[in-house]
Amino acid sequence: MTAARPERVRQAGLAVLEVCAVAALYYGSAKLGLVQQLVGGQVTPLWPPTGIAVASLLLRGLRVWPGIALGAFLVNVPLGPSIPAVLAIVAGNTLAPVCSYALLRRTGFRTELDRLQDALGLIFLGALTGMLISATVGSGTLALSGALSAEEFWPTWSVWWTGDAMGVLIVTPVLLVLRYARWPGHARPSRWAEGLLLLAATVFVGFLETGDAPLIFLGFPLLIWAAFRFRLAGAALCALSVSTFAIAAAARGSGPFAGHDLLTNMITLQAFNGSSALTALLVAAAVSQRDQTQREIARACALLAEMVAKATAGDRGPRLPGRVGEREEDGGRTE
């Protein structure tokens, strides 16, 4: 008992540090997300804390949910109309990623995202379904507290929902990739050159997106290139870069976001961000699953060839005297 007590204390200390780390990441990413707002304190097209919350739950389990609640509380205290309203919003912001985590676990979700079903699960269960809770609770709380009028409810709800969903679709895959990322020291120089070329092309297209010409669609060939050649790591990072440049263009009102009202710009931006994330995740998962299937077929073929070789070697072994010898002896006696 005495020897086990220090170990329990150490485990408790690590759990507290883990919760504090999640809270700090949540709070820091929220401050970063508010920098991307299109209207002061109102419209944030990408909310990174939801992506961090879902990724933390998938990687560390339900024990980190207090960190999510603490981070959400620190973010909303300066923004909320009252303490009861803040607590309600914090509850919604905590329950949404927990619900996404529970739904994904029930489907056998794999954090490697190397199967098409995992990518579809993250899209429809983790992002679109789970984030309904935070948007509904948050908007409903603001409406009941008098901070929102009836006309403002649905626009606020839609912005809240899409912003949280984009956080899951764009940020969560990046964090999941970082867990398995390894420095590719064994990669060929041509592989490094291809990666640098892809990075340069992404930055170049990003600057074109923030210019005056509506060239936002040029990001999709890069997403497909990254997914095919670098799988989820390349696709996730490329989708994050392309979406960041698109948000910058929307904030400046340039490119396809020039000359439109806020609602039109938000619809265009979220349609682009959602399409980018869907393209990156689905193509990368499909290619990874294809590679896995090819490896399984190759192993099955090798095993079958080995079995056939063993069977053939057994047939070529020495024969025991049989009916042929007996027929010869009978023939001799007949003569």
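Cut-offs applied
- Residues numbered from 1 in each chain as written.
- Predicted model: local features only at pLDDT ≥ 70, side-chain atom pairs only at ≥ 80, totals over all residues.
- Heavy atoms only, no water.
- Helix = DSSP H or I, 4+ residues; strand = E, 2+ residues; numbered from the N terminus.
- Buried < 20%, exposed > 50% of the residue type's maximum accessible area, 1.4 Å probe, protein only.
- Contact = heavy atoms within 4.5 Å.
- Areas by Shrake-Rupley, 256 points an atom, 1.4 Å probe, with all protein chains shown as cover.
- pLDDT = per-residue confidence, 0-100.
- Axes fitted to C-alpha atoms, helices over the stretch in contact; angles between N-to-C directions.
- Left-handed = near helix turned anticlockwise from the far one by under 90°.
- Nonpolar A, V, L, I, M, F, W, Y, C, P; charged D, E, K, R; others polar.
- Core = buried A, V, L, I, M, F, W, Y, C linked by side-chain atoms within 4.5 Å.
- Patch = residues over 30% accessible without salt bridge, like charges linked within 9 Å, V, L, I, M, F, W, Y side chains within 5 Å.
- Salt bridge = Lys/Arg side-chain N within 4 Å of Asp/Glu carboxyl O.
- Phe/Tyr/Trp six-rings, centres within 6.5 Å; stacked < 30°, edge-to-face > 60°.
- Expected span 1.5 Å × (residues − 1).

K.L.:
Can you break down the overall build of the protein residue by residue, with the values?
P.N.:
The secondary structure content of the protein amounts to 11 helices and zero strands. Shown N-terminal to C-terminal, the secondary structure of the protein runs as helices and strands in the order α-α-α-α-α-α-α-α-α-α-α. Counting every position in the protein, which comprises 335 residues, the buried fraction comes to 40%. In the protein, of all internal contacts separated by at least 6 residues, the share reaching a separation of at least 24 is 74%. Summed over all atoms, the accessible surface of the protein reaches about 18300 Å², with 67% contributed by carbon and sulfur.

K.L.:
Before we move on, can you summarise the side chain of T172 with the specific residues and values?
P.N.:
Position of T172 among the secondary structure elements: in helix α7 (residues 150-180). Excluding its chain neighbours within four sequence positions, the residues that come into contact with T172 are T50, G51, V54, A55, L58, L122 and G167.

K.L.:
Quick rundown of unusual backbone geometry? Include the residues and the values.
P.N.:
For L113, which is not glycine, the phi dihedral falls at a positive 55°. With respect to the helices and strands, L113 occurs in the loop between α4 (83-106) and α5 (116-129). Given a relative accessible area of 2%, L113 falls into the buried group.

K.L.:
Quick rundown of the confidence of the model for the protein? Include the residues and the values.
P.N.:
The predicted model of the protein has a mean per-residue pLDDT of 84, with 87% of residues at 70 or higher. Segment residues 323-335: pLDDT under 50, and zero contacts once partners within four positions in sequence are set aside and those in other chains are kept.

K.L.:
Hey, could you go over the packing of α7 against helix α9 (residues 219-252) for me, with residue numbers and the actual values?
P.N.:
The geometry of α7 relative to α9 is characterised by a closest axis approach of 9 Å and an angle of 145° between their N-to-C directions. The way α7 lies across α9 gives a crossing that is left-handed. Here I170, P173, V174 and V177 of α7 come into contact with α9, specifically with L232, A233, A236, L237, L240 and S243. Here the contact of α7 with α9 is composed, by residue class, of nine nonpolar, one polar and no charged.

K.L.:
Tell me what's going on with the nonpolar core, and back it up with residues and numbers.
P.N.:
Y26, L58, F109, L113, L122, L169 and L281 are the most contacted members of the largest nonpolar core, which has 61 residues in total. Looking at this core, the element that brings in the most residues is α9, giving 14 residues. Beyond its immediate stretch of four places on either side in the chain, Y26 contacts W47, P49, I52, A53, I68, G71, A72, V75 and N93. Counting seven residues, the second-largest nonpolar core is a separate cluster that includes I89, F153, W157 and W160.

K.L.:
So what's going on with a nonpolar patch on the surface? Residues and values would help.
P.N.:
A grouping of Y27, L70, F73, L74, V77, I83 and L87 is seen on the molecular surface, where their side chains present a nonpolar patch of about 570 Å² in accessible area. Only α3 (65-76) and α4 provide two or more residues apiece to the nonpolar patch. Mapped onto the elements, Y27 comes out in helix α1 (residues 4-35).

K.L.:
Outline the packing of aromatic side chains, supporting the account with residue identities and numerical values.
P.N.:
A full pass over the atoms with the stated rule returns four aromatic pairs. Taken together, a centroid distance of 5.1 Å and an interplanar angle of 80° make the contact between F153 and W154 edge-to-face. The exposure class assigned to W154 is exposed, which follows from its relative accessible area of 58%. Pairing W157 with W161 gives two aromatic rings, centres 5.5 Å apart and planes at 25°, and the pair type is stacked. Of this pair, W157 and W161 both sit in helix α7, four residues apart, which is roughly one turn of that helix. On the basis of relative accessibility, which here comes to 23%, the residue W161 falls in the partly exposed class.

K.L.:
Pulling in residues and values, what's your account of helix α6 (residues 131-144)?
P.N.:
Helix length check: α6, at 14 residues, gives a terminal C-alpha distance of 20 Å against a target of 20 Å (1.5 Å per residue), a fit within 8%. Within α6 the residues assigned to the buried category are M131, S134, A135, G138, S139, G140, T141 and L142. Residues of α6 that are buried in the fold lie against α2 (48-60), α4, α5 and α7. Phi turns positive one or two residues past the end of α6, at G146, with a value near 85°.

K.L.:
Any chance you could break down the pattern of salt bridges for me, citing the residues and the numbers?
P.N.:
Taken as a whole, this structure holds nine salt bridges when the rule is applied. Between R110 and D114 there is a salt bridge, with its nearest N and O atoms 2.7 Å apart. Note on R110: relative accessible area 28%, which makes it partly exposed. Counted as one network, the salt bridges with shared partners bring together E18, R60 and R63.

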